[in-house]
Structures are given as C-alpha cells and as structure tokens.
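Topology and contacts: notes
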Number of protein chains: 2
Amino acid sequence: MSSIKDILIEMKNLSELMVDLAYSAVLFNSKDAAKEVSKLENKVNSLNYEIKKQSLVAARSNEDAEKLTALLEIAEAAESIANAAKDLADIVIKGFKPHPVFKMVMEESDKMIISVKIQHGSELSNKSLGELFLANRTGMRVIAIRRDESWIYGPDKNTMLYIEDTLIAKGTEFGSDLLRKLASGKISLDEISDLIDE
Amino acid sequence: MSSIKDILIEMKNLSELMVDLAYSAVLFNSKDAAKEVSKLENKVNSLNYEIKKQSLVAARSNEDAEKLTALLEIAEAAESIANAAKDLADIVIKGFKPHPVFKMVMEESDKMIISVKIQHGSELSNKSLGELFLANRTGMRVIAIRRDESWIYGPDKNTMLYIEDTLIAKGTEFGSDLLRKLASGKISLDEISDLIDE
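As recorded in an unreviewed UniProt entry, chain A goes by the name TrkA-C domain protein, listed as coming from Methanobrevibacter cuticularis.

In structure tokens:
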C-alpha cells in the first residue's frame, strides 16, 4: 500500500511540475523545457500503469475495490493533466512564430520559471535548502532539481544542493536575477542580505 | 491586442489555480473547493470563446493569422488543463470513499492548500501583501483571494487585504497553522517573528 501512496504522490508532483514547465516553455519559447515535459509525460503514463497493477493486486474485498476505484480515477485525472501539459509543450516542439503578445504575458506575469546550474565557487553547493533560506532570501521556490540524469521533485528543507545541480525555480524577475548570480558565484549570500535590507 | 493578452494571462492563471484547487479538493475531500473548480472551468471556457472571437477580429494578414493560430492553440491547451482539473474535482463532487492512502499523501505532501477568512481583530486587514511579508514570515504563498462574490488571482505585493477576505494559500503545514492563527487574530505579526527566531 505504501508503494501505491508513493506513486500517487509522484503523479501529483509530476503533473503539477509539467503544467509549470509547459507554460514556461511556451512563454520563453524553450524547446528544452518542452522536451522535458514530453519525457515527464512518459513517466506519468508508466506510473499510471503501475498504480493500476498494484491496485489490482491490493484489492481483497468489495470495500477495498470501491476505494481503490476512486484512487484509480484520480490517477487517471492526473494523467489527463499531464497530457494537457504535453499538448501545450508540443506547440513549442513543433515550432511556432511567437506572437508579440507572449513577451507581454511574460513581462506582466509575476511568476517566472528559470533553470540555473550551480557553478564551482557558488555558495549554494553543499548546503541544504533549509540552511540556505533560499525562498526567504530570494523569493524563489525550487520546484525541481536535476542531478546528472535523475530528478528530485518537490525538494524540502532537508534536500542538499551540489555543484552541477540544475535548479528549476519559480518566482519573480528580481528573485530570478538574484538566484542566477548566486548559482554562478557572482554574489555571496551575505551580499544578498545586504541588497534586501537596503 | 491588449485584451487578447489579458485573456491569455487570465487563462494561464486560472488553469494553474484550478490544478492546485482540484488536487486539494481530492486530498481534503472538500466539495467546496471542487465546486469552485467547476465554476472556474466555465470561466475558462468563456475566455477561450472570447479569445477566438478577438483573434478573428484582430487578424489583418496571413502573417497575423499564423501568429494568432499559435495563440489559439495555447488557449486550447489551457482549456484542456482546466478540463482535466475539472475531471479531478468531479470525482469529489460525485462523492467517493476516501482510501486511507489519501491521508498519508496529504501528510507527506509538503505543499498544503488552505482557505482562511480574515476575522475582525486580525493584523492582516488593511495591509498589502508586500507590507505583510507574508511569504517570508509564514512560508505561505497566497494564490487567490475571494472578496464577496469576486476573485483576485495571482495577487502581488500591492494587493491589499481586508476583513472578511478569504485567502487561498499554499505552503507547509507549519505555515498553514501560522496563517490560520494570524487570520483569526489569535497571534500578532510580532509573535510570529519571535516564533521564527527561536
């Protein structure tokens, strides 16, 4: 049963992340982000298959079956959300002429999504998100971390950051700028505190 | 053209909000949140109709038409996301026997969504979100505000809060607890700072 729970948590996290990534792919005309959405959609599909299999094995009674049915409907809806996000990302992959309106949408949207890699010399490395107070310092929420070929979704305060990690973060334009400078080692954590106190 | 931009921003904000609300409706088995999702889906449908109409009026050349087509595909994808969120919420509206696994998903998910009403005596009233530093103080991000019969989506630092406003906010369990106490006037902003410094 714990594995059904884990699958459901992952389907929820992935489908939410896909919606975020798909919109940012469109607004920034980023094929990379769009391709990531496609990859994640395959992952959600296999999770949906897996949860069906596990539920069939777990059902012991009619009562069980009834509750598990609701659970499968939810997994199905999570997959629909993931599919819709993929449709959005596909518009970017097939290539489109961005209407000038997108630039305005991007500029007026107070939520930006950026992708930054932690460089040598950055103070972000070898620290946990909790220790860094990143959300408080920069207003940026890290929604996912790519480490080598694997992903960490919905990182929490105990999640450690390392050199070469790619952070996917959501927040304001000002915060995005701070986070990019922190990740490249161009400014230190102390300098950020000074900036904010000003 | 500015009205096409505004419609697109609203479709993006609404569809993202609907995904958030739909998952919270399922996890907390909340018919209220689920009904809100249904209402929002109607709104997204009419926005999609509106953007089609406006685009037809705006197209002056083949070049225009090409760019506007991409824009309409994006609006269509936003509506698909909204529809998928509605499917999720409908599971709650038709009623289901929650599997014990939901409680575990809710407890282990580090993102909670809560709805709190600002009561008389709360320090939140008559202040802007920026002035309150609510995200920094509580870790909670206000995603929407219901004021009487209308909604404010994606509020920014200039958005004012008033008594009787209902805030829809997303964050940790700890932050949710703080925000509930602030909204009911049980604790003051200073007491929160003390709690965090401890």
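Residue and element names in this part refer to chain A. Taken as a whole and judged by the stated rule, the model has 24 salt bridges over all chains. Note that aspartate 165 is salt-bridged to arginine 147, the shortest N-O span being 2.7 Å. Of this pair, aspartate 165 sits in the loop between strand S5 (160-161) and strand S6 (166-171) while arginine 147 sits in strand S3 (residues 141-147), and the two are 18 residues apart along the sequence. Its relative accessible area of 1% is what places aspartate 165 among the buried residues. In this structure arginine 147 comes out as partly exposed when scored by relative accessible area, which is 23%.

To continue, consider the relation of the copies chain B and chain A. Mapping chain B onto chain A calls for a screw motion: a turn of 180° about the axis and a shift of 0.0 Å along it, with 0.1 Å RMSD after fitting. Both chain copies can therefore be described as sitting about a two-fold axis. In this assembly the copies share their binding face: 100% of the residues contributing to the interface of chain B also contribute to that of chain A.

Taken as a whole and assessed by the stated rule, the structure comprises zero aromatic pairs over all chains. Here the guanidinium or amino end of Lys12(A) rests over the ring plane of Tyr23(B), the centre of that ring lying 5.8 Å away.

This part takes up the interface of chain B and chain A. Taken together, the 49 residues of chain B in the interface contact 51 residues of chain A. The junction of chain B with chain A conceals about 4500 Å² of combined surface from both sides, 68% of it contributed by carbon and sulfur atoms. Across the contact surface, chain B and chain A share two salt bridges. Between Glu73(B) and Lys94(A) there is a salt bridge, with its nearest N and O atoms 2.6 Å apart. There are four residue pairs in polar contact (both at pLDDT 80 or more) connecting chain B and chain A. Broken down by element, the side of chain B that touches chain A gets its largest block of residues, 15 residues, from helix H3 (residues 62-93) of chain B. The class makeup of the residues in the side of chain B that touches chain A is 28 nonpolar, six polar and 15 charged.

Along its 28 residues, helix H2 (residues 31-58) of chain B runs 40 Å from first to last C-alpha, staying within 8% of the 40 Å computed at 1.5 Å per residue. Residues of H2(B) that are buried: Ala33(B), Ala34(B), Glu36(B), Val37(B), Ser38(B), Leu40(B), Glu41(B), Val44(B), Leu47(B), Asn48(B), Ile51(B) and Ser55(B).

With that settled, the discussion passes to the domain arrangement of chain A. Interfaces are often sized by the accessible area lost when the parts come together. Residues and elements named next belong to chain A. When cut into domains, chain A gives domain 1 (2-100) and domain 2 (110-197). A C-alpha centroid distance of 25 Å is found between domain 1 and domain 2. Counting from both sides, the interface comprises 11 residues of domain 1 and, opposite them, nine residues of domain 2. Each partner contributes to the roughly 820 Å² buried at the junction of domain 1 and domain 2, and carbon and sulfur atoms together form 68% of this total. Applying the counting criterion to the domain 1 and domain 2 interface returns two salt bridges. Between glutamate 36 and arginine 146 there is a salt bridge; the shortest N-O distance is 3.0 Å. The tally of links from domain 1 across to domain 2 stands at two residue pairs in polar contact (both at pLDDT 80 or more). Counting residues per element, the ones that place at least two in the side of domain 1 that touches domain 2 are helix H1 (2-27) and helix H2 (31-58).

So, about the confidence of the model for chain A. Here chain A shows a mean pLDDT of 85. Residues at 70 or above account for 91%. Mean pLDDT in chain A bottoms out at helix H8 (residues 189-197) of chain A, which sits at 67, and peaks at S5(A), which reaches 96.

Residues and elements named next belong to chain A. Of note, glutamate 36 is situated in helix H2. Relative accessible area serves as the criterion here: at 8%, glutamate 36 is assigned to the buried category. In this structure the side chain of glutamate 36 is engaged in a polar contact, spanning 3.0 Å, whose partner is the side chain of arginine 146. With residues up to four places along the chain from it excluded, the contact list for glutamate 36 reads Leu21, Arg146 and Trp151.

What follows covers the UniProt feature "coiled-coil region" (unreviewed entry) in chain A. According to UniProt, the feature "coiled-coil region" (unreviewed entry) maps to residues 30-78 of chain A in the numbering used here. Helix and strand shares over residues 30-78 of chain A are 92% and 0% respectively, and the end C-alpha atoms of the span are 24 Å apart.

With that settled, the discussion passes to the packing of H2(B) against H3(B). Residues and elements named next belong to chain B. Remark: H2 packs on H3, axes separated minimally by 9 Å, with the N-to-C direction vectors making an angle of 165°. Viewed along their axes, H2 and H3 adopt a mutual orientation that is roughly antiparallel. Seen along the crossing, H2 lies across H3 with a hand that is left-handed. Per-class residue counts for the contact of H2 with H3 are 14 nonpolar, five polar and nine charged.

Calculation rules
- Residues numbered from 1 in each chain as written.
- Chains lettered and ligands numbered in written order.
- Predicted model: local features only at pLDDT ≥ 70, side-chain atom pairs only at ≥ 80, totals over all residues.
- Heavy atoms only, no water.
- Salt bridge = Lys/Arg side-chain N within 4 Å of Asp/Glu carboxyl O.
- Helix = DSSP H or I, 4+ residues; strand = E, 2+ residues; numbered from the N terminus.
- Buried < 20%, exposed > 50% of the residue type's maximum accessible area, 1.4 Å probe, protein only.
- Least-squares fit on C-alpha atoms with pLDDT ≥ 70 in both.
- Contact = heavy atoms within 4.5 Å.
- Phe/Tyr/Trp six-rings, centres within 6.5 Å; stacked < 30°, edge-to-face > 60°.
- Lys NZ or Arg CZ within 6 Å of the ring centre and 35° of its normal.
- Buried area = accessible area lost by both parts, 1.4 Å probe.
- Polar contact = N/O pair within 3.5 Å; in protein donor to acceptor, adjacent residues only side chain to side chain.
- Nonpolar A, V, L, I, M, F, W, Y, C, P; charged D, E, K, R; others polar.
- Expected span 1.5 Å × (residues − 1).
- Domains from an automatic or database assignment.
- pLDDT = per-residue confidence, 0-100.
- UniProt positions renumbered as here; feature names shortened; annotations may be inferred.
- Axes fitted to C-alpha atoms, helices over the stretch in contact; angles between N-to-C directions.
- Parallel < 35°, antiparallel > 145°, perpendicular 65-115°, else oblique.
- Left-handed = near helix turned anticlockwise from the far one by under 90°.

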